[in-house]
Amino acid sequence: MSENQNLLAEQRRALIVDEVRRRGGVRVNELTRQLGVSDMTVRRDLDALARQGVLEKVHGGAVPVVEASTHEPGFEAKSGLEPTAKEEIARAAARLVAPGSAIALSGGTTTYTLARQLLEVPDLTVVTNSVRVADVFHTAQRTSGRRPGAATVVLTGGVRTPSDSLVGPVADRAIAALHFDLLFLGVHGISAEAGLSTPNLAEAETNRQLVRSARRVVVVADHTKWGTVGLSSFAALDEVDTLVTDGGLPAEARAEISERLRRLVVAGEPEEDEEPEGLEED
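Residues numbered from 1 in each chain as written. Predicted model: local features only at pLDDT ≥ 70, side-chain atom pairs only at ≥ 80, totals over all residues. Heavy atoms only, no water.

1. Notes on the pattern of salt bridges
All told, the structure shown has 12 salt bridges when counted by the stated rule. Its salt-bridge partner being Asp47, residue Lys57 comes within 2.5 Å of it at the nearest N-O pair. Placement of Lys57 in strand E2 (residues 55-58) and of Asp47 in helix H3 (residues 39-52) is noted, with a sequence separation of 10 residues between them. Here Arg132 makes a salt bridge to Asp164, at a shortest N to O gap of 2.5 Å. Placement of Arg132 in helix H7 (residues 131-144) and of Asp164 in the loop between strand E7 (159-160) and strand E8 (166-167) is noted, with a sequence separation of 32 residues between them. (Salt bridge = Lys/Arg side-chain N within 4 Å of Asp/Glu carboxyl O. Helix = DSSP H or I, 4+ residues; strand = E, 2+ residues; numbered from the N terminus.)

2. Here's the deal with the sheet that holds strand E11 (residues 195-198)
The three strands lie next to each other as E10-E11-E13, forming an open sheet whose pairing is antiparallel. Only two strands of the sheet have a single partner each, and these edge strands are strand E10 (189-191) and strand E13 (232-235). Each strand of the sheet is rotated relative to its neighbour by a mean of 35°, with strand direction disregarded. Pairing analysis gives three bridges linking E11 to E13, with the strands arranged antiparallel. (Pairing = 2+ DSSP bridges. Axes fitted to C-alpha atoms, helices over the stretch in contact; angles between N-to-C directions.)

3. Digging into empty space enclosed by the protein
Scanning the entire structure with this criterion turns up one cavity of 30 Å³ or more. Taken as a whole, the largest cavity holds about 40 Å³ of empty space. Contributing to the lining of the largest cavity are Ile190, Ala221, Asp222, His223, Lys225, Trp226, Leu243, Thr245, Leu249 and Ile257. Along the lines of polarity and charge, the residues of the lining of the largest cavity split into six nonpolar, two polar and two charged. (1 Å grid on protein atoms, 1.4 Å probe; cavity = no way out; pocket = protein on both sides within 12 Å on 5 of 7 lines; lining within 4 Å. Points joined across faces, edges and corners; volume = space filled by probe spheres on them. Nonpolar A, V, L, I, M, F, W, Y, C, P; charged D, E, K, R; others polar.)

4. Some thoughts on the sheet that holds strand E3 (residues 61-64)
If you walk across this open sheet you meet the three strands as E1-E3-E2, and the pairing is antiparallel. Of all the strands in the sheet, the pair left with one neighbour each is strand E1 (26-27) and E2. The sheet contact formed by E1 and E3 spans two bridges and is antiparallel. Pairing of Val26 across the sheet is with Ala62, part of E3.

5. Observations regarding the environment of Ala102
With respect to the helices, strands and loops of the structure, Ala102 is situated in strand E4 (residues 102-105). Not counting the four nearest positions on each side in its chain, Ala102 is found in contact with Thr125, His179, Phe180, Asp181 and Leu182. (Contact = heavy atoms within 4.5 Å.)

6. Considerations on the environment of Leu118
Within the secondary structure, Leu118 sits in the loop between helix H6 (109-117) and strand E5 (125-128). When its relative accessible area of 1% is taken as the criterion, Leu118 is described as buried. For the pair formed by Leu118 and Arg91, sequence separation is 27 residues and the distance between their alpha carbons is 9.0 Å. The residues contacting Leu118, other than those within four sequence positions of it, are Ala94, Val97, Ile103, Leu105, Leu124 and Phe137. (Buried < 20%, exposed > 50% of the residue type's maximum accessible area, 1.4 Å probe, protein only.)

7. What to know about the confidence of the model for the chain
When the pLDDT values of the chain are averaged, the result is 85; 87% of them are 70 or greater. The element-level mean pLDDT for the chain is lowest in helix H4 (residues 75-79), coming to 54, with E4 highest at 98. Below pLDDT 50 for its whole length, residues 1-6 participates in 14 contacts with residues either more than four positions away or in separate chains. Below a pLDDT of 50 lies the segment residues 274-282, which in the model reaches 29 contacts outside its immediate sequence neighbourhood of four places, other chains included. (pLDDT = per-residue confidence, 0-100.)

Okay, here's the thing in structure tokens:
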């Protein structure tokens, strides 16, 4: 980490989280030197990150939070994590969507952010099991009226999870009867060994059905999801066509992902193939 007194609070806190995860813990006096800010500023940052549940404060510093594989944070808690990365990922992912295509958005805060980027893409059919995602489109229609080219939204039924996804047999049956060009999938964790995983067993089965119903599978996940493993795996990496992530993904992870997936998109970095995937031929 380089010293920079002009870092925004969000940037400082992202650097702190990365340092805690990389080193297994940091001390306040180290962070003040590395970030070039006051002791009080660092302590405020640690307080804020501890409230979000991404690290644990200890005497003189902070350590990572060790979570059970069954722990599932609520939507609001997850919304505060890596907001800048999620916005960058959403903008990059939106460029993959062709007008007039049928797409699916799973539950999650990154897919919710993506939904807001898709409001101006004409003639979409959007299938989602996320109450929050559906509300993005419905709110836009209520506030601006039903305009030509507005998305048609299909919200599955099901049982609501802490992250406001609808899962279970009702959702699974609805999704099984549908077919979409492109699935945007948010994940709790992604790793070479476990693939895509979630702490919620019912959500894992619903996500499996989403993957089965999609011609193309695009995972939208910030760099902190790499190496995280939830209770239940629902897809292997070779079932994913594209991963859209942010520049914080380490080089070794990029190399491993590039060997397994057809396409890796790192938001904010140049990429050769910019054509929409939604209507590609198999």
